[in-house]
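Residue-level structural notes
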Amino acid sequence: SNEFYFNVYPVRDRINGVIGLTGYARDNPDETPTKWSDFPMSIRMWTNGRFQVRDSNSYRSETTLTYNGGAKYRMRVKFDITAKTYSVWVTPLLPTKPEVQIARD
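Please read these numbers as outputs of a predicted model, since none were measured by experiment. (Residues numbered from 1 in each chain as written. Predicted model: local features only at pLDDT ≥ 70, side-chain atom pairs only at ≥ 80, totals over all residues. Heavy atoms only, no water.)

Details of the sheet that holds strand β5 (residues 58-60)
Spatial strand order, β2-β3-β4-β5: four strands in an open sheet with antiparallel pairing. Pairing within the sheet leaves two strands with one partner each, and these edge strands are β2 (17-21) and β5. Sheet twist, expressed as the mean angle between neighbouring strand axes with direction ignored, is 30 degrees. Of the strand pairs in this sheet, strand β3 (residues 41-45) and strand β4 (residues 51-55) are connected by three bridges, and their pairing is antiparallel. (Pairing = 2+ DSSP bridges. Helix = DSSP H or I, 4+ residues; strand = E, 2+ residues; numbered from the N terminus. Axes fitted to C-alpha atoms, helices over the stretch in contact; angles between N-to-C directions.)

Here you go:
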């Protein structure tokens, strides 16, 4: 499995924002995702104010974690792109709070 980190900064409360990872070749336009289900990994900040992850055909979360506009969050993702499995942890920053796992495999 692989692991990466990135930060997100929602601009306001209750947005509809999605971060997706693909296994597609960037230089092959025939493999460009055209719908949300094309992404083997999706994390969203939903209009209900919560972080969620895509699990098959729906979004869910292992643990309820709300986000706030103007705040900063560190995301940690472990994934296996071939198996289409991933786990996600979120660390609220400013002020820093403990890491929360919102997805498991």
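Past the structure itself, the notes keep going.
Section: empty space enclosed by the protein
Summed over the entire model, instances satisfying the criterion amount to one cavity of 30 Å³ or more. Put simply, the largest cavity is a space of about 30 Å³. Forming the boundary of the largest cavity are Leu-21, Pro-40, Met-41, Phe-79, Asp-80, Ile-81, Lys-84, Thr-85 and Tyr-86. Counting only elements with at least two residues in the lining of the largest cavity, the list comes to β6 (72-80) and β7 (85-93). The residue inventory of the lining of the largest cavity, partitioned by class, reads six nonpolar, one polar and two charged. (1 Å grid on protein atoms, 1.4 Å probe; cavity = no way out; pocket = protein on both sides within 12 Å on 5 of 7 lines; lining within 4 Å. Points joined across faces, edges and corners; volume = space filled by probe spheres on them. Nonpolar A, V, L, I, M, F, W, Y, C, P; charged D, E, K, R; others polar.)

Some remarks on the sheet that holds strand β8 (residues 100-103)
Read from one edge to the other, the open sheet built from four strands follows the order β1-β6-β7-β8, with strand pairing classed as antiparallel. The outermost strands of the open sheet, each flanked by one partner alone, are β1 (2-8) and β8. Adjacent strand axes in the sheet meet at a mean angle of 25 degrees when their direction is disregarded.

Here we look at the packing of aromatic side chains
Summed over the entire model, instances satisfying the criterion amount to four aromatic pairs. Ring centres of Phe-4 and Phe-6 lie 5.6 Å apart, and the angle between their planes is 20 degrees; on these two criteria the pair is classed as stacked. For Phe-4, a relative accessible area of 23% translates into the label partly exposed. The residue whose ring lies beneath Arg-44 is Trp-46, and the NZ or CZ to ring-centre distance is 3.7 Å. Lying over the aromatic face of Tyr-59, Arg-44 brings its terminal NZ or CZ to 3.9 Å of the ring centre. (Phe/Tyr/Trp six-rings, centres within 6.5 Å; stacked < 30°, edge-to-face > 60°. Buried < 20%, exposed > 50% of the residue type's maximum accessible area, 1.4 Å probe, protein only. Lys NZ or Arg CZ within 6 Å of the ring centre and 35° of its normal.)

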